[in-house]
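# Observations on the model geometry
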Amino acid sequence: MEWIELDGSRGEGGGQILRTALSLSMITGIPFAIERIRAGRKKPGLLRQHLTAVQAAAQVCGAEVEGATPGSQRLRFKPGPVRCGDYRHAIGSAGSCTLVLQTVLPALWFADGPSTLRVSGGTHNPAAPPADFLIRCWQPLLQRMGVTLDIQLLRHGFYPAGGGEVLASTAPVGAWQPLHLETRGELRRQSAIGIVAGVPVDVAKREMQRAASQLGVLDEELRVLPSNEGPGNALLVVQEYANITEVFCAFGERGVPSETVADRAAREARLFRDSGATVGEYLADQLLLPMALAGQGCFTTPVLSSHLRTNCRVIESFLAVRFAFEESGQFARVSLLS
């Protein structure tokens, strides 16, 4: 069998190239080799979360792997059959649990039975989608596509300490349903969720009040966690439309005013609300692989990011599909051509 050769410096040059390749290699049985892994990042090569994703993928399919060492910029991955099971992995840092989940779960949709996947590490990390995003945004759309999936946030883990945990239960997909998101529908609810762990409660209250001043009336939810789950602070702005839900997140940092944190989340939420697009920049990127597995679909998004375009190219390397882009006004349409 021929190997697929990938250049990890291509496009945005981040870890998504590796994660998508791992997912599709497991699903298709096609081996791949990748060089210049994460060449576009300050610290190139494999970090802990990337190594965990490689190790988790290898365990699920009994793969032969070369180059899975810290800092490595080269990897060879030859998969075997995907096997169901109860899997557990610890990143050992605040590296993203959610990105490991999103690497392995697609393969388990093609396994020989139901599975669980438990990952510990960072659940709320500025460089990755928070667990709330997967649960509120990504999971419902996948369920609409025929995927059996239940993601639970067992414990929060903030940067830089980590220590969080997520648990996902899934099963093989019986019949894929295409996802056509032409409109997002009416805005039914806007809410702000202020999360604090080992941080004064007033911080979250000020963030929610500030977000309301930027976006209008918001339902407020205060999530006060045990101090041993922190220190950490995050503000989530949730927009629930008839057809989709979007979550915009900003993280508190030492020396950064609460108002600045709130403004960051509110600005993203406001830009999306005003754009008329069906999904935001980050959700768009995370729908590409499931959409390709279903064989057809479309959505609109405010930004055709380099991250999205690069991910499309990797998917096209493994599957007989093609993505088409059409920019119009305040958003762009992404369609799958199979």
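On a predicted model such as this, the values are computed, not experimentally measured, just so you know.

### Overview of empty space enclosed by the protein
- All told, the structure shown has two cavities of 30 Å³ or more when counted by the stated rule.
- What lines the largest cavity is a set of 15 residues, and nearest its centre among them are Q16, T20, Q102, Q286 and L289.
- Elements that contribute at least two residues to the lining of the largest cavity include exactly α1 (16-28), α3 (97-108) and α7 (281-294).
- A per-class count over the lining of the largest cavity returns six nonpolar, seven polar and two charged.

### A look at helix α4 (residues 131-144)
- Look at α4: 19 Å from first C-alpha to last across 14 residues, which is about the 20 Å you get at 1.5 Å a residue.
- Of all bends in α4, the biggest is about 40°, found at W138, and the proline P140 comes one to four residues later.
- Among all positions of α4, only A131, D132, F133, L134, C137, W138, Q139, L141 and L142 are buried.
- G146 occupies a position one or two residues after α4 and carries a positive phi of about 100°.

### Some words on the sheet that holds strand β10 (residues 187-197)
- An order of β11-β10-β12-β13 is seen for the four strands of this open sheet, with the pairing classed as mixed. Either end of the sheet is taken by a strand with one partner, and the two such strands are β11 (219-225) and β13 (245-251). This sheet shows a mean twist of 15° between the axes of neighbouring strands, independent of strand direction.
- One ladder, built from seven bridges, connects β10 with β11; its direction is parallel. Note on β11: the bridge partner recorded for V196 is V224.

### Comments concerning helix α6 (residues 258-275)
- Compared with an ideal rise of 1.5 Å per residue, which puts 18 residues at 26 Å, α6 spans 26 Å between its outermost C-alpha atoms and is within 8% of the ideal.
- Along α6, the positions that sit buried rather than exposed are S258, V261, A262, A265, A266, A269, F272 and S275.
- Where α6 is buried, its residues contact α5 (201-215), β12 (232-241), β13 and β16 (331-337).
- Note on α6: the residue one or two positions beyond its end, G276, has a positive phi of about 80°.

### Structural notes on the layout of surface pockets
- Of the pockets and cavities examined, the second largest pocket occupies roughly 230 Å³.
- Lining the second largest pocket are 13 residues, and of these E268, L271, E281, P302 and V303 lie nearest its centre.
- Listed by contribution, the elements that provide at least two residues to the lining of the second largest pocket are β13, α6 and α7.
- With four residues, the top contributor of residues to the lining of the second largest pocket is α6.

### Notes on the packing of α4 against α7
- Interaxial distance between α4 and α7 falls to 11 Å at its minimum, and their mutual angle equals 40°. In terms of crossing hand, the pair formed by α4 and α7 is right-handed. Contact residues: F133, C137, W138, L141 and L142 in α4; Y282, L283, Q286, L287 and P290 in α7.
- In terms of residue class, the contact of α4 with α7 is built from nine nonpolar, one polar and no charged.

### Let's talk about the sheet that holds strand β15 (residues 322-328)
- Read from one edge of the open sheet, four strands run β9-β14-β16-β15, paired in mixed fashion. Sheet topology places β9 (179-180) and β15 at the edges, where each strand pairs with a single neighbour.
- The pairing of β9 with strand β14 (residues 297-301) spans two bridges and is classified as parallel. Among the inter-strand pairings, L179 is bridged to a residue of β14, identified as G297.

### A look at the side chain of D285
- Considering the arrangement of structural elements, one finds D285 in helix α7.
- In this structure, D285 is buried with no salt-bridge partner, the nearest side chain bearing the opposite charge being R19 at 6.6 Å.
- At 2.7 Å, the side chain of D285 forms a polar contact with the side chain of H307.
- Filtering out sequence-adjacent residues up to four positions away, D285 remains in contact with Q16, H307, L308 and N311.

Reading the values: rules and limits
Residues numbered from 1 in each chain as written. Predicted model: local features only at pLDDT ≥ 70, side-chain atom pairs only at ≥ 80, totals over all residues. Heavy atoms only, no water. 1 Å grid on protein atoms, 1.4 Å probe; cavity = no way out; pocket = protein on both sides within 12 Å on 5 of 7 lines; lining within 4 Å. Points joined across faces, edges and corners; volume = space filled by probe spheres on them. Helix = DSSP H or I, 4+ residues; strand = E, 2+ residues; numbered from the N terminus. Nonpolar A, V, L, I, M, F, W, Y, C, P; charged D, E, K, R; others polar. Expected span 1.5 Å × (residues − 1). Bend = angle between axes of the 7 residues up to and from the residue. Buried < 20%, exposed > 50% of the residue type's maximum accessible area, 1.4 Å probe, protein only. Pairing = 2+ DSSP bridges. Axes fitted to C-alpha atoms, helices over the stretch in contact; angles between N-to-C directions. Contact = heavy atoms within 4.5 Å. Left-handed = near helix turned anticlockwise from the far one by under 90°. Lys, Arg positive; Asp, Glu negative; His and termini not counted. Salt bridge = Lys/Arg side-chain N within 4 Å of Asp/Glu carboxyl O. Polar contact = N/O pair within 3.5 Å; in protein donor to acceptor, adjacent residues only side chain to side chain.

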